[in-house]
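Coordinates in review
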Amino acid sequence: MKKVLSLMVIVSAIFAGKAGAQTTATATADAHATVITPITITKTMDLNFGILAPSATPGTLTVSPAGLRSVTGGVSLLSTTGTVSPALFAVQGEDGFSYAITLPFIPVVLSNATHIGSFMLASNFTSNPTVITGGLLTGGAQALNVGARLNVGANQTPGVYNSLLPFPVTVNYN
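These notes cover the structure that comes with them. As the structure is a prediction and not an experimental result, all values here were calculated from the model.

What to know about the overall build of the protein chain
Secondary structure assignment for the protein chain yields 1 helix and 13 strands. Counting from the amino terminus, the protein chain carries its helices and strands in the arrangement α-β-β-β-β-β-β-β-β-β-β-β-β-β. A total accessible area of about 11300 Å² is found for the protein chain, and carbon and sulfur atoms account for 63% of it.

Have a look at this one:
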């Protein structure tokens, strides 16, 4: 019986040794993050359609992102242009990063403060760089120019027209 008991102790010790040999393994990893410069946009100049002459026929006056004017319908351009400019913005952020541009998709109301009820709508906003291609920040900065089409009514009331609210231009990293 002592031999059987001794044999059982030896067998138990062997199995206990095998159970004790099963250990867990541990590995470590580091955590990393890169923080980039936030993207910003700052207006440097307002959109200005300049001086125009209406007629009995409605029409449009468009200012391109390059600042070029064109007309349709009953709108005439004069030799005295006044101030003509696309809206100019400075976009800043992380060098080499691309960004998307969002322009107004609803018309912007320009009203005549002297003649209540007289208004025109600016619509069809375009930009350079374009909304489709977006921008690329070279050296962490890029100029963004925005033009639009001004819808001029037949016999539009003379006067100075200003937007009721500033229009939004949004930029986001891609």
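Some points on the sheet that holds strand S13 (residues 170-173)
With antiparallel pairing, 3 strands are arranged side by side in an open sheet as S10-S7-S13. One side of each edge strand has no neighbouring strand; the edge strands of this open sheet are strand S10 (135-136) and S13. Both strand S7 (residues 98-102) and S13 contribute to a ladder of 4 bridges, which runs antiparallel. Across the sheet, Tyr 99 pairs through a bridge with Tyr 173, a residue of S13.

Quick word on the pattern of salt bridges
Throughout the structure, instances matching the rule amount to 1 salt bridge. Among the ionic pairs, Asp 46 bridges to Lys 43, the shortest N-O distance being 2.9 Å. For Asp 46, a relative accessible area of 48% corresponds to the partly exposed category.

Thoughts on unusual backbone geometry
That bond from Asn 128 to Pro 129 is cis: its omega, 5°, falls within 30 degrees of zero. Here Pro 129 shows up in the loop between strand S9 (119-128) and S10. With a phi close to 50°, Asn 155 is a non-glycine residue in the positive phi region. Within the element layout of this structure, Asn 155 appears in the loop between strand S11 (141-152) and strand S12 (161-163).

Section: a nonpolar patch on the surface
Residues Val 109, Phe 119, Leu 164 and Leu 165 make up a contiguous nonpolar surface patch of about 400 Å² in total accessible area. Along the chain, Val 109 falls in strand S8 (residues 108-112). We classify Val 109 as partly exposed; its relative accessible area is 30%.

Examining the environment of Gly 59
As for its position among the elements, Gly 59 is in strand S3 (residues 59-63). Among the residues examined, Gly 59 registers a relative accessible area of 11% and is labelled buried. A sequence separation of 93 residues divides Gly 59 from Val 152, and the C-alpha atoms of the two residues are 5.3 Å apart. Dropping the residues within four chain positions of it, Gly 59 is found in contact with Thr 72, Gly 73, Gly 74, Val 75, Leu 150, Asn 151 and Val 152.

Re the nonpolar core
If you look at soluble globular proteins, the nonpolar side chains tend to sit buried side by side. With 27 residues, the main nonpolar core has Leu 47, Phe 49, Phe 125, Leu 144, Val 146, Phe 167 and Val 169 as its most contacted residues. Taken together, the elements giving at least two residues each to this core come down to S3, strand S6 (87-92), S7, S8, S9 and S11. Broken down by element, this core gets its largest block of residues, 5 residues, from S11. Non-local contacts of Leu 47, meaning those with residues more than four positions away in its chain, are made with Val 63, Ser 85, Pro 86, Ala 87, Phe 125, Val 146, Gly 147, Ala 148 and Phe 167.

Side note on the pairing of S6
Residue alternation in S6 divides its side chains into a buried set, Ala 87, Phe 89 and Val 91, and an unburied set, Leu 88, Ala 90 and Gln 92. As paired elements, strand S1 (residues 40-45) and S6 share 5 bridges and run antiparallel to each other. When the sheet's bridge partners are listed, Lys 43 is paired in S6 with Phe 89. Inspection of the sheet shows S6 paired to S11 by 6 bridges, in the antiparallel sense. Considered in S11, the bridge of Ala 90 is made with Ala 143.

Reading the values: rules and limits
- Residues numbered from 1 in each chain as written.
- Predicted model: local features only at pLDDT ≥ 70, side-chain atom pairs only at ≥ 80, totals over all residues.
- Heavy atoms only, no water.
- Helix = DSSP H or I, 4+ residues; strand = E, 2+ residues; numbered from the N terminus.
- Areas by Shrake-Rupley, 256 points an atom, 1.4 Å probe, with all protein chains shown as cover.
- Pairing = 2+ DSSP bridges.
- Salt bridge = Lys/Arg side-chain N within 4 Å of Asp/Glu carboxyl O.
- Buried < 20%, exposed > 50% of the residue type's maximum accessible area, 1.4 Å probe, protein only.
- Patch = residues over 30% accessible without salt bridge, like charges linked within 9 Å, V, L, I, M, F, W, Y side chains within 5 Å.
- Contact = heavy atoms within 4.5 Å.
- Core = buried A, V, L, I, M, F, W, Y, C linked by side-chain atoms within 4.5 Å.

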